[in-house]
Amino acid sequence: MNDSGRDPGAARNRENVYEVSKLDRGTVIDHLRAGTAVRAASVLRLPPSCPMMLGVNLESERLGRKDIIKIRHYELSEEEAAKVALISPDATLSIIRDFSVAQKIDLHPPIAFRGLIRCTNDVCITHSEGIRGRFFVASHDPVTAACEYCGRHITADHFEFEKNA
Amino acid sequence: MRVSEQDFVGRDVITVSDFRREEILFLLDTAARFENETGTPLAGRVIAALFFEASTRTRLSFESAVGRLGGTSIGFAEAGASSATKGENLSDTVRVVEGYSDLLLLRHPLEGAARLAAEFVDIPVVNCGDGAHQHPTQTFVDLYTMRRECGRLDGLHVVFCGDLRFGRAVHSLVSVLALFNARVTLVSPSFLRLPAEHRHTLESNGVIYNEAPDLESSLAEADVLYMTRVQRERFTDPLEYERFKDTYTLDLNVLKRASDQLAILHPLPRVNEIAREVDGQSHAAYFRQAHYGVAVRKALLALLLGVAGEVPK
């Protein structure tokens, strides 16, 4: 598959080509770092019946290998896009309407944010007081978030995403 | 940038990284002025000390500082004496106490407690230790002691030894040493190694540091040895504590390799990590360090409440 998300190899299977390449309305998350698609998909709050297609370890000129997610009839919220950016800071997000790209965004991790993830420090005050955590991004590669309260640095591999955000 | 007393009025003291080098030096200069001060600039002021966790030096030196400057202290020395036992959360407690006092001293076992408290009240909040996170006033005392004992703050070689993982005094001091071009040696068992975020702070601030397993060989070029206790209260497994509690002991034999000018600091209390025979050595600065705490805390209280200028220069 090339960077457009079209997989020539899959053309042998007509049904498969339709599912992967033609999105009438929805979201394409492209240029996910290889190996992050499953995790990124899991933090989205998709309706149970929402069709979603994942491509993993696809060839990419920019990244070498990449993952891609296509979601039919669902547009990501700002919070969901921010979560994806924390998992895979090089990703791009395209909103598809009427089979064409209505909006394309290069995702970047937020500089500072409230919520999205919870502090992994069990003795952080945020847990006992029942408040949402506040974080700033301390480094970008790998993405590392620092808790504004307890100072704990959390790397992307260890992010525990809020379920209700 | 020039610093004045006005820069401190009404501020919270949550972490040392909230302060610039010039501000820290201003505080230390003010503390020197307050060492023998007997005036009453805090007359009519009420300082609330909420200590949810045990403390001797920090609490008593603050109480001494308040008393010597003519102020009044209220508060409690353990969580059991507060409404926390009835289930009150911290944010409610500090909002109530705000109405009773002009400044809030807070020690709490949970990390980030002081930052959270400061979000809920308008009076200054001073972090007197939040779990294993930060202990900024101890750091000011440590820096004051280093300058008093070594005659300078810049370019010191500081050796940290013991529990570098849970020791909040270590975490606070490490985070500020970059401002003073320090060289750092870290001596600890691997289980009690300095956490990654603090090593990252050293690296990102360009501090030259190394990790060493052996205390004795680390002392030859050291200006300051910062000894720490392995803290039983931070271990969930008592066997693990037993395993590490006596890893390092500073005695006269270990001190043979030390340079003449070495100053030994310790946030205290000590258990076995410094042998009693070291107490009489000129290197031993830890009791003087505890006493300097009063002057530093007098200066800090007076600056935060905007009354430092009432003490003659």
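The structure we're discussing is the one just above.
So, here is what we can say about the structure in this document. As the structure is a computational prediction, the values presented were derived from the model and not from experiment.

On a plain count of helices and strands, chain A comes out with 4 helices and 11 strands. Across the 165 residues in chain A, those meeting the buried criterion constitute 48%. The contacts in chain A between residues at least 6 apart in sequence include a share of 59% that link residues at least 24 apart. For chain A, the computed accessible surface area is about 8,600 Å², with 48% contributed by carbon and sulfur atoms.

All names here are of chain A. Within the element layout of this structure, His31 appears in strand β1 (residues 25-33). Accessibility expressed as a relative area gives 6% for His31, which makes it buried. Of note is the side chain of His31, whose polar atom sits 3.1 Å from the side chain of Thr92.

Turning our attention to the interface of chain A and chain B. Listed as interface residues are 15 residues of chain A and, on the opposing side, 14 residues of chain B. Carbon and sulfur atoms make up 54% of the area that chain A and chain B hide from each other, which totals about 1,300 Å². Looking only at chain A, the three residues that lose the most surface to chain B are Ile125(A), Glu129(A) and Tyr149(A), adding up to 43% of its buried area. At the boundary of chain A with chain B, the tally comes to 1 salt bridge. Notably, a salt bridge pairs Glu119(B) with Arg134(A), separated by 2.3 Å at the nearest N-O pair.

Residues and elements named next belong to chain B. On the basis of which strands lie adjacent, the open sheet formed by 5 strands has the order β7-β6-β5-β8-β9 and parallel pairing. One side of each edge strand has no neighbouring strand; the edge strands of this open sheet are β7 (208-212) and β9 (263-265). Taking the axes of each pair of neighbouring strands and ignoring which way they run, one obtains an average angle of 20° across the sheet. For strand β6 (residues 183-187) and β7, the ladder comprises 5 bridges, and the chain directions are parallel. When the bridges of β7 are listed, Val184 appears paired with Tyr209.

Here the focus is the packing of aromatic side chains. Overall, the coordinates contain 9 aromatic pairs over all chains when judged by the stated rule. Ring geometry for Phe113(A) and Phe135(A): centres 5.5 Å apart, planes at 25°, overall stacked. One end of the pair, Phe113(A), is in strand β6 (residues 112-114); the other, Phe135(A), is in strand β8 (residues 134-140), and 22 residues separate them in sequence. With relative accessibility at 0%, the residue Phe135(A) sits in the buried group. Between Phe159(A) and Phe161(A), the ring centres sit 6.0 Å apart and the planes meet at 90°, which makes this aromatic pair edge-to-face. Positioned above the aromatic ring of Phe19(B), the side-chain terminus of Arg11(B) is 4.2 Å from the ring centre.

All names here are of chain A. Tracing the backbone shows Leu54 in strand β2 (residues 52-60). Measuring from C-alpha to C-alpha, the distance between Leu54 and Lys70 comes to 6.5 Å, with 16 residues separating the pair along the chain. Apart from residues lying up to four places away in sequence, Leu54 is in contact with Ala37, Val38, Ala41, Ile68 and Ile69.

About the cut-offs
Residues numbered from 1 in each chain as written. Chains lettered and ligands numbered in written order. Predicted model: local features only at pLDDT ≥ 70, side-chain atom pairs only at ≥ 80, totals over all residues. Heavy atoms only, no water. Helix = DSSP H or I, 4+ residues; strand = E, 2+ residues; numbered from the N terminus. Buried < 20%, exposed > 50% of the residue type's maximum accessible area, 1.4 Å probe, protein only. Contact = heavy atoms within 4.5 Å. Areas by Shrake-Rupley, 256 points an atom, 1.4 Å probe, with all protein chains shown as cover. Polar contact = N/O pair within 3.5 Å; in protein donor to acceptor, adjacent residues only side chain to side chain. Buried area = accessible area lost by both parts, 1.4 Å probe. Salt bridge = Lys/Arg side-chain N within 4 Å of Asp/Glu carboxyl O. Pairing = 2+ DSSP bridges. Axes fitted to C-alpha atoms, helices over the stretch in contact; angles between N-to-C directions. Phe/Tyr/Trp six-rings, centres within 6.5 Å; stacked < 30°, edge-to-face > 60°. Lys NZ or Arg CZ within 6 Å of the ring centre and 35° of its normal.

Nothing here speaks to function; it is all geometry.
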